Amino acid sequence: MLDGIGETALIVRYLFDGNVKDWSRNNLHGQIDDSGVHFINDDQFGQVLSLTKNSKAFVTIPGEAIAQQESISVTGWIYLRSSENGQFFFDFGNNESHFFVAPRGIETKEAYQVEIASENGNIHLSGQPPLEVDKWNHLAIVIDAPSKSLSTYINGNLVEKVNDINLGWEQLFDSNSSENNLLYIGRSIRSEATSLNAKVHDFRIYRIPLGEKQIAGIYKNALEDDEAVVGTKVELDGDLPMFPKGTPQLYNEYLKSVENIEVETQVGFLPQLPPYVKGIYSKGIKKGNVRVIWPSPKDNTEVLSPRTYTVEGIISGSEIRPKAIVNVKDGKVPATPKRELEVFDLDQVSLNNNVHGQRTKFIENRDKFITKLAQINPDNFLYMFRNAFGQEQPEGAEPLGVWDSQETKLRGHATGHYLTAVAQAYASTGYNKELQENFSEKMKYMVNVLYQLSQMSGQPIETSGEHVSDPAKVPPGPGKMDFDSDLSVEGIRTDYWNWGKGYLSAYPPDQFIMLEKGATYGTGNTKIWAPYYTLHKILAGLLDIYEVSGNEKALEIAKGVGSWVHTRMSRLTTETLISMWNTYIAGEFGGMNEVMARLYRMSNENKYLELAQAFDNIKVFFGNAEHSHGLAKNVDTFRGLHANQHIPQMMGALEMYRDSNVPEYYRIADNFWNKTINGYMYSIGGVAGARNPANAECFISEPATIYENGLSAGGQNETCATYNMLKLTRNLFLFDQRAELMDYYERGLYNHILASVAEDSPANTYHVPLRPGSVKKFGNPDMEGFTCCNGTALESSTKLQNSIYFRSSDNKALFVNLFVPSTLSWTEKKVTIEQTTDFPNEDQTLLTIRGGGEFDIKVRVPKWATKGFFVKINNKKQMANAVPGSYLSLGGHWKDGDRIELSMPFQFHLDPVMDQENIASLFYGPVLLAAQESGPSKEWRKVILDAKDIGRSIKEKSGKLEFTIDGVDFKPFYETYGRHSVYLDVILK
């Protein structure tokens, strides 16, 4: 966090404190284009950049800093040393069109000048006097695309603004080829212009339009040396449209009354209050349930003794206040479920074309990733490992970029995702033996190199040479007095013989040791970035390879690393562990508890289960060291926290439950899932995107307040958070076969994961924006530089078939969870099931059985299937009591050629924001339909729908889920690549 603004909003930051490095996490380092550049000491800011007229020096920023952006904010400090006009603070664009700031003007009239010059005309801000000389001034320029405005600020104050501008952004910048974008600090893109004679400090570009209070905060914090603020709400100026109190909120306008409820809980455990209660409506509205927002206590003091008390809830847009009577009883806590289902291996389920012989979205996305993964050089993913160990690079090896570049403290994370992806690709490509052999060789090669490096750790170069094999006694690097995270070419330590036996990562062990000593997240050499997060990815990838191929070296590497970590962790106190795991980002450990539990199962060595428990996030799981409350007792302890930092921890808790049978671990995972889905979920299935705290990667500060505290300007719905939510959902279902789990899985899979991939490449989304007139931003088409979501995309798109079917542990039942064209080879039963469909373009599917035997087939009846769910077996209609949101059991003795036809007519339904229900998304069956927009907007798209049957207001446009409402096109979000509105302002009449 920087100045209380979520870091995902920050594109670049150049402090100019001796270099032109980008101190954001995006690694868009600048370049100096003249040897005359100097860094000098300044009384106010320390070391700063000094540009002089005679040197004609300037700084170039990588073109991708602006590519695909719309709204941007540029801020920076400048100390002019010359009153001459024609000087440029910065100039962005190309040789024909550009966006610039000239602090003293470029014409004969002296003025502070901001201009966007394009083929659409020029936009000027030149009504202010020229910038003062011999004084530090803070400048901020904001282009707000939805508001169509250009604003400029001097020293934290708005000084000029122009509205209703036609930006012509596509003429300024090339979103397809960043090389065509010229971004200069200190001169014009026209070479004959006067060079800047000034000092420059802390130059930033944001991808959002900053508000007045944010800019004032940046200015004030710099003067007070107080720029890092975590978990702080920043008041945003007119950020979202506000609605008067009496605004009709969908069906709640017609609500007459609700039923009060009564629930029971045990002493110490907060009650599970249903998110929906039965409502009674006027004017013939036949809607059964109404959403209730219940209070969310931060501890369990209300239930520490037997008693009866009443909780009052809120219904958005209504004065009706439902009540829940809670009976707290002193009795036995209900038992937690056992794991009853098993998954099918990836090679047992294959994806097919649809019933018409056409490729499905599943196959399209899979093939984009499979094709690229087969082509890419595995040495690129080994580059930073060899670099850390001081080894030569093989010919053709190229370093990855973004979060895997030389000085990035997360480097190696993409390698872990790659290991998992090639394992899954190997298991999934039985349809193409050449491809499968390609991935087989890649797995072997990766493991062999990593094994060789791991065997070097803590071992002398020569027999009896100096070395440190004990992980607990790793010393600082050669010539250093303490540990640091310097990964520069000049500063990285490569003395692997001192790192302790078993160590492996793409950087030296310093970050792990610094975390133990209290280091926090950041870019400087005394800061760290989630070392255990990276390690989890690497270990998970190695174990995935071991599971699909039996490669013993992969297991040995994981055991060695696990032993290294066990030695260090076993020395730490509970207080230290609590502090570590609750440090923002630095203490993010991914699913280390999950992977250590897996390693315990594979190795049968107890120390790995002990180590898994050391990764308990005690504060979140149990409230405190005394285990007084927390998620184990249904207390929401994760509000306002970094979402993807905590979701994998819940998956780890579930794995711990599987291995330890400690019921608290199951309750932690299950309570978290229920609270997240009901209090933090956006319509596409994503779960993060907070304005309060001001961080798009965080859960909102209070559950069920997405409109008040969510819909961050910096984007919502981090894609890897949904990846992890689906993983948690899938594994919870193996213990508890609630249909709502797979209903959510379907929602997140179709409307976020499938929707996260670009149309013509494996480029994919980080955050998916859901504000009006948004555009998805796809990145990493060539797999050359990875963010976290680029990494999980490799995994998601190589395992798309992994949850279509499950089997009971005793092989007496088959669960059909998703309606995807596919073939299941149930080898344990010597049965093949082929599913033939064009779902979701059609609302039916066919299951054909090859082989035979005695088993139940349990098919999911989706919650959205409110128009009926119809079954035919061998063309004969079945009298089935199919309840939406349940599983229907079809039992009997099946014989070769039996056919099961399932039909589930789609209908339109709305999914509203819980605390502002007139803002809602439109679904057709399982598919979210997005309005296709022509431009950005500050206002939600208004639509008027029939209150008794919203489908009457919607016209079908084609046979592929394309519709119109009042002339506006709607189509599936997973087929949307241009501007869209996922949320609408809905009026029912």
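Cut-offs and rules
- Residues numbered from 1 in each chain as written.
- Predicted model: local features only at pLDDT ≥ 70, side-chain atom pairs only at ≥ 80, totals over all residues.
- Heavy atoms only, no water.
- Helix = DSSP H or I, 4+ residues; strand = E, 2+ residues; numbered from the N terminus.
- Rg over C-alpha atoms; globule rule 2.2 N^0.38 Å.
- Buried < 20%, exposed > 50% of the residue type's maximum accessible area, 1.4 Å probe, protein only.
- Contact = heavy atoms within 4.5 Å.
- Areas by Shrake-Rupley, 256 points an atom, 1.4 Å probe, with all protein chains shown as cover.
- Pairing = 2+ DSSP bridges.
- Core = buried A, V, L, I, M, F, W, Y, C linked by side-chain atoms within 4.5 Å.
- Phe/Tyr/Trp six-rings, centres within 6.5 Å; stacked < 30°, edge-to-face > 60°.
- Disulfide = S-S within 2.5 Å.
- 1 Å grid on protein atoms, 1.4 Å probe; cavity = no way out; pocket = protein on both sides within 12 Å on 5 of 7 lines; lining within 4 Å.
- Points joined across faces, edges and corners; volume = space filled by probe spheres on them.
- Nonpolar A, V, L, I, M, F, W, Y, C, P; charged D, E, K, R; others polar.
- Axes fitted to C-alpha atoms, helices over the stretch in contact; angles between N-to-C directions.
- Parallel < 35°, antiparallel > 145°, perpendicular 65-115°, else oblique.
- Left-handed = near helix turned anticlockwise from the far one by under 90°.
- Salt bridge = Lys/Arg side-chain N within 4 Å of Asp/Glu carboxyl O.
- Expected span 1.5 Å × (residues − 1).
- Polar contact = N/O pair within 3.5 Å; in protein donor to acceptor, adjacent residues only side chain to side chain.

### Observations concerning the overall build of the protein
Turning to step 1, where the next piece is worked out: Per the secondary structure count, the protein includes 19 helices and 50 strands.
Turning to step 2, where the next piece is worked out: Its C-alpha radius of gyration of 29 Å places the protein within 12% of the 30 Å reference for a compact globule of 989 residues.
Turning to step 3, where the next piece is worked out: Along the three orthogonal principal directions, the C-alpha set of the protein runs to about 90 × 80 × 65 Å.
Turning to step 4, where the next piece is worked out: Looking at the protein as a whole, 63% of its 989 residues are labelled buried.
Turning to step 5, where the next piece is worked out: For the protein, the share of sequence-separated contacts (at least 6 apart) that also reach a separation of at least 24 residues comes to 69%.
Turning to step 6, where the next piece is worked out: With an accessible surface of roughly 36900 Å², the protein has 45% of that area assigned to carbon and sulfur atoms.

### Considering the pairing of strand E8 (residues 98–102)
Turning to step 1, where the next piece is worked out: For E8, a buried count of 5 out of 5 residues is recorded, marking the element as mostly surrounded by other parts of the structure.
Turning to step 2, where the next piece is worked out: By the alternation rule, side chains of E8 split into His 98, Phe 100 and Ala 102 and Phe 99 and Val 101, which are all buried.
Turning to step 3, where the next piece is worked out: Sheet analysis places strand E7 (residues 90–93) next to E8, joined by 4 bridges and oriented antiparallel. In the strand pairing of E8, Phe 92 is matched with Phe 99.
Turning to step 4, where the next piece is worked out: In this structure, the hairpin formed by E7 and E8 is closed by a connection of 4 residues.
Turning to step 5, where the next piece is worked out: As defined by bridge partners, E8 adjoins strand E9 (residues 112–118) across 5 bridges and the pair is classed as antiparallel. Paired with Phe 99 across the strands is Ile 116, a residue of E9.

### Some remarks on the nonpolar core
Turning to step 1, where the next piece is worked out: Counting residues in hydrophobic clusters, the biggest one holds 251 residues, and the most contacted among them are Tyr 532, Met 569, Ile 900 and Leu 922.
Turning to step 2, where the next piece is worked out: Looking at this core, the element that brings in the most residues is helix H8 (residues 531–549), giving 10 residues.
Turning to step 3, where the next piece is worked out: Setting aside chain neighbours within four positions, we find Met 569 in contact with Tyr 532, Leu 577, Met 580, Trp 581, Leu 611, Ala 614 and Phe 615.
Turning to step 4, where the next piece is worked out: Ranked by size, the runner-up nonpolar core spans 44 residues in total, among them Val 20, Leu 150, Leu 183 and Ile 185.

### Quick notes on the packing of aromatic side chains
Turning to step 1, where the next piece is worked out: One pass over the full model with this rule turns up 66 aromatic pairs.
Turning to step 2, where the next piece is worked out: Aromatic pair Trp 77 and Tyr 219: ring centres 5.5 Å apart, planes at 20 degrees, arrangement stacked. With Trp 77 in strand E6 (residues 72–80) and Tyr 219 in helix H2 (residues 212–224), this residue pair connects regions lying 142 residues apart in the sequence.
Turning to step 3, where the next piece is worked out: Each ring, one from Phe 389 and one from Trp 499, has its centre 5.2 Å from the other, and the planes form 70 degrees; the classification is edge-to-face.

### Some remarks on the state of the cysteines
Turning to step 1, where the next piece is worked out: For the structure on display, the rule yields 0 disulfides.
Turning to step 2, where the next piece is worked out: Take Cys 720: it sits in no disulfide, and the sulfur closest to it among the cysteines is that of Cys 789, at 3.3 Å.

### A look at empty space enclosed by the protein
Turning to step 1, where the next piece is worked out: Applying the stated rule across the entire model yields 4 cavities of 30 Å³ or more.
Turning to step 2, where the next piece is worked out: For the largest cavity, the calculated volume is near 90 Å³.
Turning to step 3, where the next piece is worked out: Lining the largest cavity are 13 residues, and of these Trp 403, Tyr 533, Glu 588, His 642 and Cys 788 sit closest to its centre.
Turning to step 4, where the next piece is worked out: Of the residues assigned to the lining of the largest cavity, the class counts are 7 nonpolar, 2 polar and 4 charged.

### A look at the sheet that holds E7
The strands that make up a sheet are held in pairs by hydrogen bonds between backbone atoms, and each pair lies either parallel or antiparallel.
Turning to step 1, where the next piece is worked out: What the 7 strands build is an open sheet, ordered E2-E5-E14-E7-E8-E9-E10; its pairing is antiparallel. The open sheet has two free edges, formed respectively by strand E2 (31–32) and strand E10 (121–128), since each of these has just one partner strand.
Turning to step 2, where the next piece is worked out: Of the strand pairs in this sheet, E7 and strand E14 (residues 182–185) are connected by 4 bridges, and their pairing is antiparallel. By the bridge assignment for E14, Gly 93 is matched with Leu 182.

### Examining the packing of helix H14 (residues 643–660) against helix H15 (residues 663–679)
Turning to step 1, where the next piece is worked out: Running from N to C, H14 and H15 cross one another at 150 degrees; their axes reach a closest spacing of 8 Å. For the element pair H14 / H15, the angle class is roughly antiparallel. In this structure, H14 meets H15 at a crossing whose hand is left-handed. Along the contact surface, H14 presents Ile 647, Met 650, Ala 653, Leu 654, Met 656, Tyr 657 and Ser 660, while H15 presents Pro 663, Tyr 665, Tyr 666, Ile 668, Ala 669 and Phe 672.

### Observations concerning the pattern of salt bridges
Turning to step 1, where the next piece is worked out: Enumeration over the complete set of coordinates arrives at 49 salt bridges.
Turning to step 2, where the next piece is worked out: A network of salt bridges, in which partner residues are shared, links Asp 3, Arg 13, Asp 202 and Arg 204.

### Focus: the sheet that holds strand E39 (residues 886–890)
Turning to step 1, where the next piece is worked out: Overall, mixed pairing links the 5 strands, which are arranged E22-E30-E31-E36-E39 in an open sheet. Because the sheet does not close on itself, it has two edges, and the strands there are strand E22 (341–343) and E39. Averaged over all adjacent pairs, the angle separating strand axes in this sheet is 30 degrees, with direction ignored.
Turning to step 2, where the next piece is worked out: Two elements, strand E30 (residues 805–808) and strand E31 (residues 813–816), share 3 bridges in a ladder whose sense is antiparallel. By the bridge assignment, Phe 806 is partnered in E31 with Phe 815.

### Remarks on H8
Since the α-helix turns once every 3.6 residues, residues separated by three or four places project in the same direction.
Turning to step 1, where the next piece is worked out: The first and last C-alpha atoms of H8 sit 27 Å apart over 19 residues, in line with the 27 Å expected at 1.5 Å per residue.
Turning to step 2, where the next piece is worked out: The buried count for H8 comes to 16 of 19 residues, which makes it a mostly enclosed element.
Turning to step 3, where the next piece is worked out: A positive backbone phi angle near 70 degrees is found at Gly 550, which sits one or two residues after H8.

### Looking at the environment of His 124
Turning to step 1, where the next piece is worked out: Note that His 124 resides in strand E10.
Turning to step 2, where the next piece is worked out: Here the alpha-carbon distance between His 124 and Gly 313, two residues 189 residues apart in the chain, equals 52 Å.
Turning to step 3, where the next piece is worked out: When near neighbours in sequence (up to four residues on either side) are disregarded, His 124 contacts Gln 113, Val 114 and Glu 115.
Turning to step 4, where the next piece is worked out: Here Glu 115 takes part through its side chain, which lies 3.0 Å from a polar atom of the side chain of His 124.

### Let's talk about the environment of Gly 46
Turning to step 1, where the next piece is worked out: Looking at the secondary structure, you find Gly 46 in strand E4 (residues 46–51).
Turning to step 2, where the next piece is worked out: The exposure class of Gly 46 is partly exposed, given its relative accessible area of 30%.
Turning to step 3, where the next piece is worked out: Not counting residues up to four positions away in its chain, the partners in contact with Gly 46 are Ile 40 and Asn 41.

### Focus: the packing of helix H4 (residues 378–388) against helix H6 (residues 433–456)
Turning to step 1, where the next piece is worked out: For the pair H4 and H6, the least separation of the axes is 10 Å and the interaxial angle reads 10 degrees. By the criterion of interaxial angle, the relationship of H4 to H6 is roughly parallel. Contacts between H4 and H6 involve Pro 378, Asp 379, Phe 381, Leu 382, Phe 385 and Arg 386 from the former and Lys 442, Tyr 445, Met 446, Val 449, Leu 450 and Leu 453 from the latter.
Turning to step 2, where the next piece is worked out: For the contact of H4 with H6, the residue count by class is 9 nonpolar, no polar and 3 charged.

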